[in-house]
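If you want the building blocks of each chain, they are given just below.
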Amino acid sequence: MKQVRPKKNLGQHFLVDLDIAKRIADTVDEPCPALPVLEVGPGMGVMTQFLVEKPRPLKVVEIDRESVAYLKNALP
């Protein structure tokens, strides 16, 4: 599957470091583990892959159609 290219008109900058993404995702464990998580602009799902493993509701919002198609294939 080909990667999504960042689009300047959307101001996209993609997180690519898996270690940083995991560390950020792990911050949702505190202080209220029952609250849902909203990820805005998941891009290629680098952080999303770690958030879906959490025992809490997760919603992602993406307006880039190319990213949406990528995410549907990568993280069904």
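Let us look at the structure shown here. (Residues numbered from 1 in each chain as written. Predicted model: local features only at pLDDT ≥ 70, side-chain atom pairs only at ≥ 80, totals over all residues. Heavy atoms only, no water.)

## Comments concerning the overall build of the chain
Next up, step 1: What the chain contains, in helices and strands, is three helices and two strands.
Next up, step 2: Starting at the N terminus and walking to the C terminus, you meet the elements of the chain as α-β-α-β-α.
Next up, step 3: Compactness check: the chain gives a C-alpha radius of gyration of 13 Å against a globular reference of 11 Å for 76 residues, within 12% of the reference.
Next up, step 4: Considering only C-alpha atoms, the chain reaches an extent of 35 × 25 × 20 Å along its principal axes.
Next up, step 5: Within the chain, contacts between residues separated by at least 24 positions form 56% of all contacts whose residues are at least 6 apart in sequence.
Next up, step 6: Summed over its atoms, the accessible surface of the chain is roughly 5,700 Å², and 58% of this surface lies on carbon and sulfur atoms. (Helix = DSSP H or I, 4+ residues; strand = E, 2+ residues; numbered from the N terminus. Rg over C-alpha atoms; globule rule 2.2 N^0.38 Å. Contact = heavy atoms within 4.5 Å. Areas by Shrake-Rupley, 256 points an atom, 1.4 Å probe, with all protein chains shown as cover.)

## Points about helix α3 (residues 65–74)
Next up, step 1: All of the buried residues along α3 are S67, Y70 and L71. In a view along the axis of α3, the buried residues occupy a sector of 100 degrees, so they form one face of it. In α3, the exposed residues that point more than 90 degrees away from the buried face are R65, K72 and N73. (Buried < 20%, exposed > 50% of the residue type's maximum accessible area, 1.4 Å probe, protein only. Arc of directions from axis to C-beta.)

## Comments concerning the nonpolar core
Next up, step 1: The biggest cluster of nonpolar side chains holds eight residues, and these are A21, A25, V28, V37, V46, M47, F50 and L51.
Next up, step 2: Leaving out residues up to four positions away in the same chain, V37 has contacts with V28, L51, R56, P57, L58 and K59. (Core = buried A, V, L, I, M, F, W, Y, C linked by side-chain atoms within 4.5 Å.)

## Observations concerning the pairing of strand β1 (residues 37–40)
In the case of a regular strand, side chains alternate between the two sheet surfaces.
Next up, step 1: Across the two faces of β1 the burial differs, with V37 and E39 buried and L38 and V40 not buried at all.
Next up, step 2: Pairing of β1 with strand β2 (residues 58–61), which is carried by four bridges, proceeds in the parallel orientation. Residue pairing for β2: V40 is matched across the bridge by V61. (Pairing = 2+ DSSP bridges.)

## Details of the environment of L15
Next up, step 1: If you trace the backbone, L15 turns up in the segment before α1 (18–26).
Next up, step 2: When the C-alpha positions of L15 and G45 are compared, they lie 8.9 Å apart, and in sequence the two are 30 residues distant.
Next up, step 3: If we ignore the near neighbours within four places in the chain, the residues touching L15 are I20, A21, I24, V46 and M47.

## With respect to the side chain of K54
Next up, step 1: Mapping K54 onto the fold places it in the loop between α2 (48–51) and β2.
Next up, step 2: Among the residues examined, K54 registers a relative accessible area of 14% and is labelled buried.
Next up, step 3: Ignoring sequence-local partners within four residues, the contact set of K54 consists of A25, D26, V28 and D29.

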